[in-house]
Structure formats: C-alpha cells, structure tokens
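Coordinate analysis (summary)
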Amino acid sequence: MPIRGHINLPGDKSISHRALLIASILDGENYIYNLSTAIDVNNTMQCLNQIGIKSSRQKNNVVIKGNTFISSQKTLDCGNSGTTMRLLSGLLGGLNISSKLIGDKSLLKRPMDRIVNPLKNMGIKISCNNNTAPITIKESEKLNGLNYNMNISSAQIKSALLLAGVSSNNKITINEQYPSRNHTEIMLKNIGYNINVTNNTITLHTIKHNLKNLDIHIPGDISSAAFFIGAACMIPNSDLKINNVLINDTRMGFIEILKKMGAGIIIHNQKNVNGESVGDIQVYYKPLYGIDIDDKNISSMIDELPILAVVATQAEGITTVSGAKELRYKESDRIKTTVENLKNMGAKIIEKNDGLIIEGPNILNKANIKCYNDHRIAMSFIIAGISSGNYNNIDNIDCINTSYPEFIDTLKKIIR
Ligand code: S3P
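What you see is a predicted model, and the numbers here were worked out from it, not measured in a lab.

The next subject is the overall build of the chain. Across its full length, the chain holds 13 helices and 22 strands. Relative to a compact globule of 416 residues, whose C-alpha radius of gyration would be 22 Å, the chain shows 21 Å and is just as compact. Overall, the chain is about 60 × 45 × 40 Å in size when its C-alpha atoms are taken along their principal axes. Within the chain, the proportion of its 416 residues that are buried is 60%.

This part covers the site of the ligand. In the vicinity of the ligand, the contacting residues are Ser14, Arg18, Thr83, Ser154, Ala155, Gln156, Arg181, Ile302, Asp303 and Lys330. A distance of 3.0 Å is found between an oxygen atom of the ligand and a side-chain nitrogen or oxygen belonging to Ser154. Lys330 has a polar side-chain atom sitting 2.7 Å from an oxygen atom of the ligand. Its free accessible area being 380 Å², the ligand has 95% of it covered by the protein chains.

What follows covers the confidence of the model for the chain. Reading fine detail from the predicted coordinates is not recommended where pLDDT is low. Residues of the chain with pLDDT of at least 70 account for 100%, and the chain-wide mean is 97. Ranking the elements of the chain by mean pLDDT puts strand E5 (residues 74-77) last with 92 and helix H7 (residues 222-234) first with 99.

It is worth spelling out the sheet that holds strand E6 (residues 99-102) at this point. Here we have 4 strands laid out as an open sheet, ordered E5-E6-E8-E7, and mixed in their pairing. Among the strands making up the open sheet, the edge pair consists of E5 and strand E7 (125-129). Ignoring which end each strand starts from, the neighbouring axes of this sheet average 20° apart. Together, E7 and strand E8 (132-138) form the strand contacts of helix H4 (residues 113-121), whose direction differs from that of E7 by roughly 155°.

A few words on helix H3 (residues 82-95). Note: α-helices contain 3.6 residues per turn, so residues at a spacing of three or four share the same orientation. With 14 residues, H3 should cover 20 Å at 1.5 Å per step; its first-to-last C-alpha distance of 20 Å lies within 8% of that length. With 13 of 14 residues buried, H3 is to be regarded as a mostly interior element. Taken from the residues just after H3, Asn96 is the one with a positive phi, measuring 65°.

All right, on to the side chain of Thr250 then. Residue placement: Thr250 occurs in the loop between strand E14 (239-246) and helix H8 (253-260). A polar side-chain atom of Thr250 sits 3.4 Å from the main-chain amide nitrogen of Asn182. For Thr250, the residues in contact, after removing those within four places along its chain, are Ser180, Arg181, Asn182, Ser299 and Ser300.

A separate point is the pattern of salt bridges. Tallied over the entire structure, the rule returns 16 salt bridges. Between Lys125 and Glu141 there is a salt bridge, and its shortest N-O distance comes to 3.7 Å. In this pair, Lys125 is assigned in strand E7 and Glu141 in the loop between E8 and strand E9 (146-149), connecting sequence segments 16 residues apart. Judged by its relative accessible area of 42%, Lys125 falls in the partly exposed class. For Glu141, a relative accessible area of 74% puts it in the exposed group. Here Asp303 makes a salt bridge to Arg181, at a shortest N to O gap of 3.2 Å. Taken together, the residues Asp303 in the loop between helix H9 (295-298) and helix H10 (305-312) and Arg181 in the loop between strand E10 (172-175) and helix H6 (183-190) connect sequence positions 122 residues apart. Across the pair, exposure class does not vary: Asp303 and Arg181 are buried alike.

Turning our eyes to something else, we now look at the environment of Pro287. Here Pro287 shows up in the loop between strand E16 (276-284) and strand E17 (292-293). Spatially, the C-alpha atom of Pro287 lies 38 Å from that of Asn151, the residues being 136 residues apart in sequence.

All told, the structure shown has 4 aromatic pairs when counted by the stated rule. Between Phe228 and Phe407 the ring centres are 5.4 Å apart and the planes differ by 15°, which places this aromatic pair in the stacked class. A residue pair is termed long-range when its members are at least 10 positions apart, and Phe228 in helix H7 and Phe407 in helix H13 (residues 407-414) qualify at 179 residues. Just as Phe228 is buried, Phe407 falls in that class too. Taken together, the aromatic side chains of Phe227, Phe228, Tyr404 and Phe407 make up a single cluster linked through ring pairs.

Two elements, E7 and E8, share 4 bridges in a ladder whose sense is antiparallel. Bridging across to E8, Ser127 finds its partner in Thr136. Where E7 folds back on E8, the antiparallel hairpin that results is connected by 2 residues, among which Asn130 adopts a positive phi of roughly 55°.

All right, on to the sheet that holds strand E18 (residues 317-321) then. Taken in spatial order, the 4 strands make up an open sheet running E17-E18-E20-E19, and their pairing is mixed. Where the open sheet ends on each side, the last strands, each with one partner, are E17 and strand E19 (348-352). Taken together, the 2 bridges between E17 and E18 define a ladder with parallel strand orientation. Looking at E18, one finds that Ile293 is bridged to Val321. Strand contacts of helix H11 (residues 334-344): E19 and strand E20 (355-360), with the helix running at about 160° to E19, the strand carrying the most contacts.

Reading guide: rules and limits
Residues numbered from 1 in each chain as written. Predicted model: local features only at pLDDT ≥ 70, side-chain atom pairs only at ≥ 80, totals over all residues. Heavy atoms only, no water. Helix = DSSP H or I, 4+ residues; strand = E, 2+ residues; numbered from the N terminus. Rg over C-alpha atoms; globule rule 2.2 N^0.38 Å. Buried < 20%, exposed > 50% of the residue type's maximum accessible area, 1.4 Å probe, protein only. Near = heavy atom within 4 Å. Polar contact = N/O pair within 3.5 Å; in protein donor to acceptor, adjacent residues only side chain to side chain. Areas by Shrake-Rupley, 256 points an atom, 1.4 Å probe, with all protein chains shown as cover. pLDDT = per-residue confidence, 0-100. Pairing = 2+ DSSP bridges. Axes fitted to C-alpha atoms, helices over the stretch in contact; angles between N-to-C directions. Contact = heavy atoms within 4.5 Å. Expected span 1.5 Å × (residues − 1). Salt bridge = Lys/Arg side-chain N within 4 Å of Asp/Glu carboxyl O. Phe/Tyr/Trp six-rings, centres within 6.5 Å; stacked < 30°, edge-to-face > 60°.

Following this line, the structure appears as structure tokens:
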C-alpha cells in the first residue's frame, strides 16, 4: 500500500503548549494560529482556564487574554500530558499560585523529581509524592534565580525552569548535555525576553526589552509527520509531500538519521516563521540500510524512536539504538512496548536496557497490538501494519487523540 499525495498537519504540539502558557502571562490579547488539536494541548488550555485565563477559539485559532490569574487552591487535571504537568508546575511555582496538579494513570507513574527538585532550589514550595504526581504548589515568600546542570537531556525540565524564571522574574542559567527542543527559548526571545544561548548553556536575564504580545503561526507538527514520513520512506512506490511543517534542528534527528539510512527526503521552501524554521518535506521510497544511533542523536528524535524501530525492520542490516533509557519514562515504557509489539509481528529485535537492536529486512505479519494507551505506539503500529500490507488490530485506537485526532482521516487520504 504506497503512500502518495500532499498533506497539511495541525500545529506542533510542543509549540502549542508553550504558546498557551507564555500567552497566559502577557497582558492583553495574544493571537495563536493553527494551534494543535491534541487533547494534551486542550488540557493545558483547560488548566489555564481554571485559574482565570480566558481564551476564545475559532477552529484552530485562539485569542488569549493574559495575566488575569485568580489565586485559589485548585486541582488541575493534566490528563495524559507530561508537558502540561511539568511546564505548568514551573509557571505556577514562579507565579506563587497554590495548586495541585493531577493526571491520568499513566501520568501518575511518570517521574516528577526532575522538575520538583530544581524548582525547590528556586525557593518554590513544591512537592510530589515519592517522585510522582500529584504535585502540590504552595505560596512561598521569596524566590531566587537558579544555575542548574541538567543531568537528563529534557526540554520539559529546561522549559519548566525557564517559565519559572519568567513568571517570578529571576535569572536562570541552565547547562544541558545535548541540545533539546528549544521552542521556549525561541518564543521568549521573539517577544522581547533577554535570553542567550552559547554552546549548551541557556541564560534567561531579568532585564526585558519592550515585551510584545504573542502573534504566532504554528507550523505543522513534525512528530506527527514522522509517522507518514516513516511510511513513505519504507513502502515501495511512495512519494509524499507534507507542507508547512516544523523543521527546527532540535527536532530533526529522525529525518537526519533516515537520510543516513538512505531515505529519499528533500526539504522545499524553507523559511522562518516567528523564529522557527518551517518547510515542505518530500519523502519518497528508496532502499534503506541499518545504522547505529547513540546518545548524541536521542534528544532530537526522542518521540520518533518507536516509528524509527518500525522503519528499521525494513532496512538491510543491523540498526542499534543506545543511550535511550528516557524512552522508558514516556507515556508507556516505549522500549518494552515497541519490542513486544514488533516481536509479535515477527521482527528480529532485541531489548536492551537503554535501547534496541533490530535486524532487517524482515517481513512483518498482521498482529494484535497492545498499545498501553500510548498514542505514539498506536500510530507506529498502524504504520507497521500498512507496511506489511495488512491492518493490525490495535487494542485502543482512541488514544491517538492525545496528540493527533486527525491521524486516521489523513492516512486514509494518502494510502493508494
Ligand atoms: C516535550 C519534550 C520531550 C518529549 C515530549 C514533549 C516538550 O520530553 O518527549 O513529548 O514539549 O518539551 P522530554 O523533554 O522529557 O524528553
């Protein structure tokens, strides 16, 4: 079943969360165009709404009136969204807004010390329950700046700290080992915050220039595009164009690795929109070869590793992934869930503590897929099914709505 045609995608989920959170602290009206349709992003909007931030939405365009917070002890439900919980904790901690953040069964299992500890170092009265949510934030007297070495490469930690610095008006310096997605830095700089990035050190200064309101056009989501890109590069006779999609370097790991594997990928019409690189991505079938992926590559393709594993089953030779232990702390343990489901389809795959080894090419068979309510596992294995010429049975397809409710409709348009 080749994949052919032209498509557009809803706005990038990571940028959408940040646009809502940053708009919420800016006086007056902020305009966001092509907001993500993900349930995760809607959770961020609902949480903000509960603490006084009004928004009006027409289709995917949103107007947010910022800086109208009401301080009351609220329980905020972040659903399945780690980004909502971690970034909102930073923002509310810095604003000194008492609150309790909860989430669904999966989110309640994910590690939170990674943000709670550095936020405590800023003087924020924040706590969690044995490294997991609920997270409780209480009013604190005086907050201070922070100089922090991140021992985990994580844009969620970095952004939580930057938002705490912005909302409490404190200087923040963060050193990261490998560059993680930098949308928070780009957005803050674009509206007038004084933020410097040298090598892997990010410094947010307290002196601001005339701050502008947000007026942002969000490009298509590169992590959602990854499923179609993966399909088109491994299914013979495919040729697909995805228009107006985010091509920020810190998110391009999947595409860079696919190119090294031999994939046919061309970027057209590259431009800068609100500080972010945007372009049209053309992907066509070419034979693929196995590759070694290590810790240097991981943060720029963290969400794309399950679909990369699927693609690797169709590549000639061995593909290894290492330095990817963080995958175990996502919406599901993505090393375990990817290995279990690919094995069920007949792939030659070995689980490692921090990654996987795959030997290809391998004919995949139709299987019953357990996606553990993880949207990216569900979409990866829909694509795996299509590449095998069959449709897999997925146990809970609705979890796709977490990030990409239009996925199936768009896919139907491009399967030939
Ligand atoms: C995200 C960062 C990544 C990614 C997540 C979204 C973000 O998590 O996996 O889906 O928007 O900041 P980490 O930063 O924890 O790796």
